[in-house]
Amino acid sequence: MLAQSYQVLKSGSDIRGVAAEGVPGQEVQLTDEVAKNIGYGFAYWLEEKTTPAHGTAYTVAVGHDSRISADRLTAALVAGLTEAGINVKSCGLSSTPAMFMTTVNFDCDAAVEITASHHPFNRNGFKFFTKAGGIEGADVADILNLAENAPKEPAEVPGTVTDTPYMNNYAELLRNMICEAVNADDYARPLRDFKIAVDAGNGAGGFYATKVLEPLGADITGSQFLEPDGMFPNHVPNPEDKTAMDAISKTVLANGCDLGIIFDTDVDRSACVDENGREINRNALIALAAAIALEENEGGTIVTDSVTSSGLKTFIEETLGGVHHRFKRGYRNVINEAKRLNLEECTNAPLAIETSGHAAMRENYYLDDGAYLATRIVIKAAQLQRDGRKLGDLIADLKEPAEEAEYRLKILPENFRDIGEQVIADLADLVTNSDDYEVAPDNHEGIRASKPEVDGWFLLRLSVHDPVMPLNIESNTPGGVDNILKDLKSFFRMYEVLDSSCLTDENG
């Protein structure tokens, strides 16, 4: 059992914790007993919140990524679910988005993916889905409360377990999508003229090379780290990691590929590189996804997180003719805002995407799915090739910043949220009354202000979970970041409750 409340395992809309030994000072939290109780908790939550689609028994799909604790946690979770009367479709190695899709076309009432995304090997967790999509943070709190406190009484009729390799079905969906959209003369082999490298980072994404691209005729020479290995021996499976992006760029160049695709561990995020090894990531990836999404949604709204560049806003609105709606950091926040705009305000919002690589298209249930985004990119590349064009042509007008930097200021006292909100309020007052800065009109979190003198801006916000204040600075003028940072240093020095050592010349 946990020494603390199960609520310490809550991480936004997921459950996460230490699941394997191997890191000094980090004791295992996700024991067999805890995982089994979480299975019970999810079963009780389903009974409270939903109705089974067929008969009286619920059916839940369970999959996992490549982590070393996956098999153990799967067995424990499934034991809790089945003892509570839930029928389980055990899907084995799976992507997170595929688990949601089991609720769409596989007669499942709900699904669970066992994953901790790109976090270290010793950690793991659970993501939950119903037919309505991923559950919210409040639901996770409820599940953990039930897991910890509800009586664990076995059902009169225990649930069954069926081994179900759903990833084959999911790969077929993506293959059919490519065939239909490209509509090549050789319909079944629309990628026969493409060489595409996939880097799965030893996570769950290797299927994309062998079960999606290769059967459609693509040459996947240069693909690497497709084999699942929960120790992640080659690089962190994270498109935001510099080593990971360097790895896919190098293999594209070394093998003369037309395109490179990289996934995170559980394939809910992706990024790519072009034939020149140039990263299409962060702002560039958002620009490319927006260009694709707006082709069939003229004037549509693209929802992003708060740290996107000024050049991206110009590209979306002036080059593409869309609307850029900058919202809060956090992929769930971005997705929920797009849903709200679409449903409550009747706004055409075809894409919600965060700079970390979470991209959710309305046409795909607003599901953040790295393989789906990669598929849309592959389709566009094949279509462009007919006209002798490349993916880079779509984002040629995107203006990248000359400089950008992120600093993370630590808040020292325990009441970090109150302190962070006060610091943000004080800085907002300062720049509002300054002749040098202009406060952004679309602040949805923290304070964002631009400095016209250096064609740059800063954003200070409070981390969702940690006692940290991320500070992002960007400028289109060389030396602009230091110029803005110089203005801010004296402000932060006034707060003894902040560790602002990251802003010193030596560290920053």
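Structure: see above.
Every chain's residues receive numbers from 1 upward, in the order its sequence appears when written. For a predicted model such as this one, the threshold for reporting local features is a pLDDT of at least 70, and the threshold for listing and counting side-chain atom pairs is 80 or more; totals across whole chains, interfaces and linings nevertheless cover every residue. In computing side-chain properties, one takes all heavy atoms of the structure into account and sets aside hydrogens as well as water.

### Points about the overall build of the chain
And then number 1: Here a strand is any run of E in DSSP of at least two residues, a helix any run of H or I of at least four, and the numbering for each starts at the N terminus. Summing up its helical and strand segments, the chain has 14 helices and 23 strands in all.
And then number 2: Restricting the calculation to C-alpha atoms gives the radius of gyration, and the globule rule supplies 2.2 Å times the number of residues raised to the power 0.38. For 508 residues, the compact-globule estimate of 2.2 N^0.38 gives 23 Å, and the C-alpha radius of gyration of the chain, at 23 Å, lies within 12% of that figure.
And then number 3: Viewed in the frame of its principal axes, the chain has a C-alpha envelope of about 70 × 60 × 45 Å.
And then number 4: Within the chain, contacts between residues at least 6 apart in sequence are counted, and of these 69% link residues at least 24 apart.
And then number 5: Here the open area of atoms and residues is found with the Shrake-Rupley method and a 1.4 Å probe, where only the protein chains shown may cover a residue. Total accessible area on the chain stands at roughly 20700 Å², and carbon and sulfur atoms take up 46% of it.
And then number 6: Computed over 44 positive and 80 negative side-chain charges, the separation of the two mean positions in the chain equals 2 Å. A contact between two residues is defined here by any heavy atoms of the two lying within 4.5 Å. Charge assignment in this entry is limited to Lys and Arg as positive and Asp and Glu as negative, and neither His nor the chain termini are counted. In this description, the location of a charge corresponds to atom NZ of lysine, CZ of arginine, CG of aspartate or CD of glutamate.

### Points about the environment of A396
And then number 1: Checked against the element boundaries, A396 lands in the loop between α12 (391–394) and β18 (403–411).
And then number 2: Burial classes follow relative accessibility: with a 1.4 Å probe on protein chains only, a residue under 20% of its type's maximum area counts as buried, one over 50% as exposed, and anything between as partly exposed. Judged by relative accessible area, A396 falls into the exposed class, the value being 57%.
And then number 3: Note: C-alpha distance between A396 and T477 (81 residues apart in sequence) is 20 Å.

### Brief notes about the sheet that holds strand β22 (residues 468–475)
And then number 1: Pairing between strands is defined by DSSP: at least two bridges between them are needed. If you walk across this open sheet you meet the 6 strands as β19-β20-β21-β22-β18-β23, and the pairing is antiparallel. Sheet topology places β19 (438–439) and β23 (498–499) at the edges, where each strand pairs with a single neighbour.
And then number 2: Here strand β20 (residues 447–451) pairs with strand β21 (residues 456–460) via 5 bridges, running antiparallel. Within the sheet, the bridge partner assigned to K451 lies in β21 and is G456.
And then number 3: Whenever a helix is involved, its axis is fitted only over the stretch in contact; in every case the axis is a line through C-alpha atoms, and angles between N-to-C directions fall within 0 to 180 degrees. Across the sheet, helix α14 (residues 480–492) is in contact with β18, β20, β21, β22 and β23; its angle to β22 comes to roughly 145°.

### Considering unusual backbone geometry
And then number 1: The phi dihedral of D107 falls on the positive side, at around 60°, and the residue is not glycine.
And then number 2: Among the secondary structure elements, D107 is positioned in the loop between α3 (96–105) and β5 (110–114).
And then number 3: A relative accessible area of 52% means that D107 is categorised as exposed.

### Brief notes about helix α4 (residues 137–149)
And then number 1: Here the expected span of a helix is defined as 1.5 Å times the quantity of residues minus one. With 13 residues, α4 ought to run about 18 Å at 1.5 Å a step, and its terminal C-alpha atoms sit 18 Å apart, in line with that.
And then number 2: Residues of α4 that are buried: G137, D139, V140, I143, L144, L146 and A147.
And then number 3: Tucked into the core, α4 has its buried residues touching β1 (10–11), β2 (14–18), α1 (32–49) and β6 (123–130).

### Section: the sheet that holds strand β15 (residues 351–353)
And then number 1: Pairing is mixed across the open sheet formed by 5 strands, whose spatial order is β14-β13-β15-β16-β17. The open sheet has two free edges, formed respectively by β14 (323–326) and β17 (367–368), since each of these has just one partner strand.
And then number 2: Here strand β16 (residues 359–361) pairs with β17 via 2 bridges, running antiparallel. Counterpart to A360 in the pairing with β17 is D368.

### Here we look at the nonpolar core
And then number 1: The term nonpolar core refers to a set of buried residues drawn from Ala, Val, Leu, Ile, Met, Phe, Trp, Tyr and Cys, joined through side-chain atoms within 4.5 Å. If you look at the biggest cluster of nonpolar residues, it comprises 75 residues, and the most contacted ones within it are F207, Y208 and L213.
And then number 2: Tallying contributions element by element places helix α8 (residues 283–294) first for this core, with 11 residues.
And then number 3: Discounting residues that sit within four places of it in the chain, F207 has contacts with M167, Y170, A171, L174, V212, V267 and A371.
And then number 4: If you look at the next biggest cluster of nonpolar residues, it comprises 37 residues, including Y6, L9, L30 and V62.

### Quick word on the pattern of salt bridges
And then number 1: Any carboxyl oxygen of Asp or Glu within 4 Å of a side-chain nitrogen of Lys or Arg constitutes a salt bridge here. Applying the stated criterion across every chain yields a total of 22 salt bridges.
And then number 2: In this structure, D264 engages R269 in a salt bridge whose closest nitrogen and oxygen atoms are separated by 3.3 Å. For the pair D264 and R269, one class covers both residues: buried.
And then number 3: Among the ionic pairs, E363 bridges to R376, the shortest N-O distance being 2.9 Å. Here E363, found in the loop between β16 and β17, pairs with R376, found in helix α11 (residues 370–386); they are 13 residues apart in sequence, far enough to count as distant.
And then number 4: Residues joined by salt bridges that share partners form a network here, namely D14, R16, K127 and D268.

### Thoughts on the pairing of strand β13 (residues 301–304)
And then number 1: Residues T301 and V303 point to one face of β13 and I302 and T304 to the other, with burial holding for every one of them.
And then number 2: As defined by bridge partners, β13 adjoins β14 across 4 bridges and the pair is classed as parallel. Of the residues in β14, the one forming a bridge with T304 is R326.
And then number 3: By convention a crossover is right-handed if, when the strands point away from the viewer, the path from the first strand over the helix to the second runs clockwise. With helix α9 (residues 310–319) bridging β13 and the parallel β14, this β-α-β connection has right-handed handedness.

### Some remarks on α1
And then number 1: With 18 residues, α1 ought to run about 26 Å at 1.5 Å a step, and its terminal C-alpha atoms sit 26 Å apart, in line with that.
And then number 2: Where α1 is concerned, the buried positions are V34, A35, N37, I38, G39, Y40, G41, F42, A43, Y44, W45 and L46.
And then number 3: Where the residues of α1 are buried, they touch β2, β3 (59–64), α2 (70–83), β5, β6 and α4.

### Digging into the environment of S501
And then number 1: Inspection of the secondary structure puts S501 in the segment after β23.
And then number 2: Assessed through its relative accessible area of 37%, S501 is described here as partly exposed.
And then number 3: For S501 and L409, which are 92 residues apart along the polypeptide, the C-alpha to C-alpha distance reads 7.8 Å.
And then number 4: Polar contact criterion, stated in full: a pair of N or O atoms within 3.5 Å, where within protein one must be able to donate a hydrogen and the other to accept it, and residues adjacent in sequence count only if both atoms are side-chain atoms. At a separation of 2.8 Å, a polar atom in the side chain of S501 contacts the side chain of D499.

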